[in-house]
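Analysis of the macromolecular model
Next come the chains, spelled out residue by residue.
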Amino acid sequence: MKIPIAKPFLNEAEAQLAYDTILTNWVTQGPQVAAFEEEFAAYTGAKYAIAVSNCTTALHLSLVVAGVGPGDEVIVPSMSYIATANCVIHAGATPVFAEVCRESYNIDPADVRRKITSKTKAVIGVHQIGLPFKINEVRAICDEHQLVLIEDAACAAGSSYNNRKIGSHSDYVCFSFHPRKVITTGDGGMITTQNEKIAQRLKLLRQHGMSVNDRVRHLSQTVIMEEHVEVGYNYRLTDIQAAVGREQLKKLDWIIEERTKIANQYLQSFKDIDCIELPHVPEHVMTNWQSFSIYIKGNSPISRNDLMQRLLDVGIATRRGVMTSHREHAFTSLGYNNSLPISEDACDQSIILPLFVPMSQEEIGYVISHFKSLLRH
Ligand SMILES: *Cc1c(COP(=O)(O)O)cnc(C)c1O
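Overview of the structure. (Residues numbered from 1 in each chain as written. Predicted model: local features only at pLDDT ≥ 70, side-chain atom pairs only at ≥ 80, totals over all residues. Heavy atoms only, no water.)

Attention shifts here to the pairing of strand 9 (residues 189–193). Of all 5 residues in strand 9, 5 are buried, a share of seventy percent or more. Every second residue of strand 9 is oriented toward a common face, with Gly189, Ile191 and Thr193 on one face and Met190 and Thr192 on the other, all of them buried. Relative to strand 9, strand 1 (residues 48–52) runs antiparallel, the two being bridged by 5 bridges. Bridging from a neighbouring strand, Ala51 pairs with Met190 of strand 9. The pairing of strand 8 (residues 173–176) with strand 9 spans 4 bridges and is classified as antiparallel. Bridged to Val173 within strand 9 is Thr192. (Buried < 20%, exposed > 50% of the residue type's maximum accessible area, 1.4 Å probe, protein only. Helix = DSSP H or I, 4+ residues; strand = E, 2+ residues; numbered from the N terminus. Pairing = 2+ DSSP bridges.)

Written out as structure tokens, the structure is:
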């Protein structure tokens, strides 16, 4: 058997919609993008949704609109996909790496507080592998110090915090539709916000700073002369991608239900293994189980790396735990030499198991039995 780490859930419906969109001749940021934005805002409970080319551009654009630039510091967890920190560099600012909490591997509010300086302008919290971070605690610190809070929700479409979907809590919430996330448009991104002015500025800057969008100009009965009011970017999502995204969004709740069943099966099957720590989901949050990460303790009969190799030998793909950005050459070469023991340990000792929809009972059972036997259970 060969079991991949992840697989997007795409089928004939998405293919047909991409095909249909191509034949309309409107292939970028047009009616499909507008509809996708409206539906995504309605789904998350956000006031506005702005589609962009991916989550990295979503984060960059958010920093720009938040006024972050050269001389500013932005606090981010090192333990995240490196794009979280990279986008701060793209904005000309300096990422400052914070530690994560031991029980959630999400940003530690106490360390955010310790890392604040007179230069701090914003904090990017990450809902790592779909599990929401402590939004209220981090927001309270941001409010106290007049910092902008940006949520990196790349992995968190459909997750919720305090009974409200991620996307509805802040003025900058950035999503990814890369195939490794729970729904995909190939590549793609979305920013949700509750603030009309921010929404307008995000829309302006994603399309070259152009005063009128193509759709408005196209539908107008009178001639419109567009202007370019500031230096913008091309961060558009295509209509082909948006058509796929609309179909994926319809399936999102079902996909999460299926992912939750598989996650529960893993939790149940592994609960008696004493050399591992299983993921912990706090009371007030709901995770979409974008990934299933297990911490391998020091008393394990097999090292994390050997475990990954032995699983690969029998056809089961796994991944190391979420990376630490501060130890990558991209940042050590800039002079970063932080010590973040919880993040480093979690990255080095955790393993991510396959989890995708649909995953057959045979595949789930195969992963469970090999994982258990390698840990001598
Ligand atoms: C995937 C991911 C990103 C980057 O998303 P793209 O759409 O590939 O740009 C950013 N942050 C986190 C936490 C991610 O997991």
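Across the sheet, 7 strands lie side by side as 1-9-8-5-4-2-3; this open sheet has mixed pairing. Both outer strands of the open sheet, strand 1 and strand 3 (94–98), are each paired with one neighbouring strand and no more. Across the sheet, the axes of successive neighbouring strands diverge by a mean angle of 25°, strand direction being ignored. Relative to strand 4 (residues 120–126), strand 2 (residues 73–77) is paired through 3 bridges, and the arrangement is parallel. Each residue of the ladder has a partner; that of Glu73, found in strand 4, is Thr120. Docked against the sheet, helix 2 (residues 31–44) engages strand 1, strand 8 and strand 9, running at close to 135° with respect to strand 1. The strands touched by helix 7 (residues 196–206) within the sheet are strand 1 and strand 9, with strand 1 carrying the most contacts at an inclination of about 15°. (Axes fitted to C-alpha atoms, helices over the stretch in contact; angles between N-to-C directions. Contact = heavy atoms within 4.5 Å.)

On the surface, Tyr19, Ile22, Leu23 and Val27 cluster together into a nonpolar patch covering about 400 Å² of accessible area. Topologically, Ile22 is positioned in helix 1 (residues 12–24). Ile22 gets classed as partly exposed once you look at its relative accessible area, which sits at 43%. (Patch = residues over 30% accessible without salt bridge, like charges linked within 9 Å, V, L, I, M, F, W, Y side chains within 5 Å. Areas by Shrake-Rupley, 256 points an atom, 1.4 Å probe, with all protein chains shown as cover. Salt bridge = Lys/Arg side-chain N within 4 Å of Asp/Glu carboxyl O.)

Right, let's get into the environment of Ala243. Locating Ala243 in the fold gives a position in helix 9 (residues 239–270). You can call Ala243 buried: its relative accessible area is 2%. For the pair Ala243 and Leu17, spaced 226 residues apart in sequence, the C-alpha separation works out to 5.8 Å. With near-sequence residues (within four places) excluded, Ala243 lies in contact with Leu17, Thr21 and Gln32.

Residues in close proximity to the ligand total 14 residues, the closest being Cys55, Thr56, Asp152, Ser176 and Lys181. Between an oxygen atom of the ligand and a side-chain N or O atom of Asn54, the distance comes to 3.4 Å. Here an oxygen atom of the ligand sits 2.7 Å away from a polar atom, N or O, in the side chain of Ser176. Contact with the protein chains removes 91% of the 380 Å² of surface that the ligand exposes when unbound. Listed by contribution, the elements that provide at least two residues to the shell around the ligand are helix 3 (55–65) and helix 4 (83–90). (Near = heavy atom within 4 Å. Polar contact = N/O pair within 3.5 Å; in protein donor to acceptor, adjacent residues only side chain to side chain.)

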